[in-house]
Amino acid sequence: TIAALGFALAACSAQAMNIATAIQTTVRVQAEQPDGSISIGSGVVLPGQRVATACHVIAGAKSLKASYQYVAKPASVVRRDDWRDLCVLSVPELAAPAAKIARAGDLKPGDRLLGFNGAYGVDVRLLVGALDRTFAMDGAPVMQVSVPFAIGDSGGGLFNVAGELVGILAFVAKTAGEERYAIPIEWLEADIDAARTVPFWKAAPADMPDFLRPRER
């Protein structure tokens, strides 16, 4: 019916607006190393002028900045969970909208996913894929995805098709087929074990989660 068609069009329009807003939550993270070199990654804006990123993006940095539309602002670490590779930065002068947060645990295999990469400046790259599998870890699902992210994309947000943040693009496993993984946004609320300073995906095989351990031939 005409009414049903109108409702569907309105829903599509709302979804498009949500995705457009999600794009605007993407920032570039710059980490200055002690030798003066600059490491670049991505991040996603959280409420309260904070930015979530992967901890390995900022590892070893002596100073940090978050850039939104080519405007770089000083940043500092306010939450560091090295084991889960999830860090939060405070960026007091950041003038960017915050992402709407959902739950990775509500996703199911096959769900469409969107990744955003802000490492290349003002032009945000859209990466489209789907959820392949999930692996339970520390109370939330680590996600294996077909979103085609690469080096420099780490730390960027992973969103559902409603434009809601469900995870952070994290790493590409050193396995046949280059399996890509994202970490769940639920880990923002997880208790931190400060003694574990190496990301779970870089740990010694005996300390890795089962799903990442080298497979016997």
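Above: the structure in question.
Nothing here was measured: the structure is a model prediction, and the numbers come from that model.

Taken as a whole, the second largest pocket spans an internal volume of roughly 210 Å³. Lining the second largest pocket are 17 residues, and of these His56, Ile151, Gly152, Ser154 and Ala170 lie nearest its centre. Elements with a contribution of two residues or more to the lining of the second largest pocket: strand S2 (38–46) and strand S12 (164–172).

With that settled, the discussion passes to unusual backbone geometry. Notably, tyrosine 70 is not glycine yet its phi reads approximately 70°, a positive angle. Residue position: tyrosine 70 is located in the loop between strand S4 (63–68) and strand S5 (71–81). Note on tyrosine 70: relative accessible area 61%, which makes it exposed. Even without being a glycine, aspartate 138 presents a positive backbone phi close to 50°. Looking at the element boundaries, aspartate 138 is found in the loop between strand S9 (125–137) and strand S10 (140–145).

Now for the nonpolar core. Phe159, Phe171, Tyr181, Trp187, Phe200 and Leu212 are the most contacted members of the largest nonpolar core, which totals 32 residues. For this core, the secondary structure elements donating two or more residues are S2, strand S6 (86–90), strand S8 (112–117), S9, S10, S12 and strand S13 (180–184). When residues of this core are assigned to their parent elements, the largest contribution, four residues, is made by S12. Among all residues touching phenylalanine 171, those that are not within four sequence positions of it are Phe149, Glu179, Arg180, Tyr181, Phe200, Trp201 and Leu212.

A covalent bond between the sulfur atoms of two cysteines is what we call a disulfide. Considering all chains together, one arrives at one disulfide under this definition. Between cysteine 55 and cysteine 87 runs a disulfide, and the two sulfur atoms are separated by 2.0 Å. Given an S-S torsion of about 105°, the disulfide between cysteine 55 and cysteine 87 has right-handed geometry. One end of the pair, cysteine 55, is in the loop between strand S3 (50–53) and S4; the other, cysteine 87, is in strand S6, and 32 residues separate them in sequence.

This structure, assessed with the given rule, holds nine aromatic pairs. Arranged with centres 5.3 Å apart and planes meeting at 65°, the rings of phenylalanine 116 and phenylalanine 159 form a pair that is edge-to-face. Here the residue phenylalanine 116 occupies a position in strand S8, and phenylalanine 159 occupies one in strand S11 (residues 157–160), the gap between them amounting to 43 residues. By the burial criterion, phenylalanine 116 is buried, and phenylalanine 159 matches it. With a centroid separation of 4.3 Å and an interplanar angle of 10°, the aromatic rings of phenylalanine 135 and phenylalanine 211 are classed as stacked. Separated by 76 residues along the polypeptide, phenylalanine 135 in strand S9 and phenylalanine 211 in the segment after S13 bring together distant segments of the chain. With a relative accessible area of 12%, phenylalanine 135 lands in the buried category. On the basis of relative accessibility, which here comes to 15%, the residue phenylalanine 211 falls in the buried class. Put simply, the rings of Trp83, Phe135, Phe171, Tyr181, Trp187, Phe200, Trp201 and Phe211 touch in pairs and so form one group of aromatic residues.

As a general feature of sheets, a regular strand has side chains that alternate between the two faces. Most of S6 sits out of view: five of its five residues are buried. Burial along S6 is two-sided: the residues Leu86, Val88 and Ser90 and Cys87 and Leu89 are all buried. As paired strands, S3 and S6 are joined by four bridges and run antiparallel to one another. Bridge pairing in S6 links valine 51 to leucine 89. As defined by bridge partners, S5 adjoins S6 across five bridges and the pair is classed as antiparallel.

A few words on the environment of leucine 158. Mapping leucine 158 onto the fold places it in strand S11. Sequence separation of leucine 158 and valine 145 is 13 residues, and the distance between their C-alpha atoms is 9.9 Å.

The six strands lie next to each other as S1-S2-S3-S6-S5-S4, forming a closed barrel whose pairing is antiparallel. Put simply, the sheet's adjacent strands are angled 40° from each other on average, direction ignored. Sheet analysis places S4 next to S5, joined by five bridges and oriented antiparallel. Bridge pairing in S5 places leucine 64 opposite alanine 75.

Parameters and conventions
- Residues numbered from 1 in each chain as written.
- Predicted model: local features only at pLDDT ≥ 70, side-chain atom pairs only at ≥ 80, totals over all residues.
- Heavy atoms only, no water.
- 1 Å grid on protein atoms, 1.4 Å probe; cavity = no way out; pocket = protein on both sides within 12 Å on 5 of 7 lines; lining within 4 Å.
- Points joined across faces, edges and corners; volume = space filled by probe spheres on them.
- Helix = DSSP H or I, 4+ residues; strand = E, 2+ residues; numbered from the N terminus.
- Buried < 20%, exposed > 50% of the residue type's maximum accessible area, 1.4 Å probe, protein only.
- Core = buried A, V, L, I, M, F, W, Y, C linked by side-chain atoms within 4.5 Å.
- Contact = heavy atoms within 4.5 Å.
- Disulfide = S-S within 2.5 Å.
- Phe/Tyr/Trp six-rings, centres within 6.5 Å; stacked < 30°, edge-to-face > 60°.
- Pairing = 2+ DSSP bridges.
- Axes fitted to C-alpha atoms, helices over the stretch in contact; angles between N-to-C directions.

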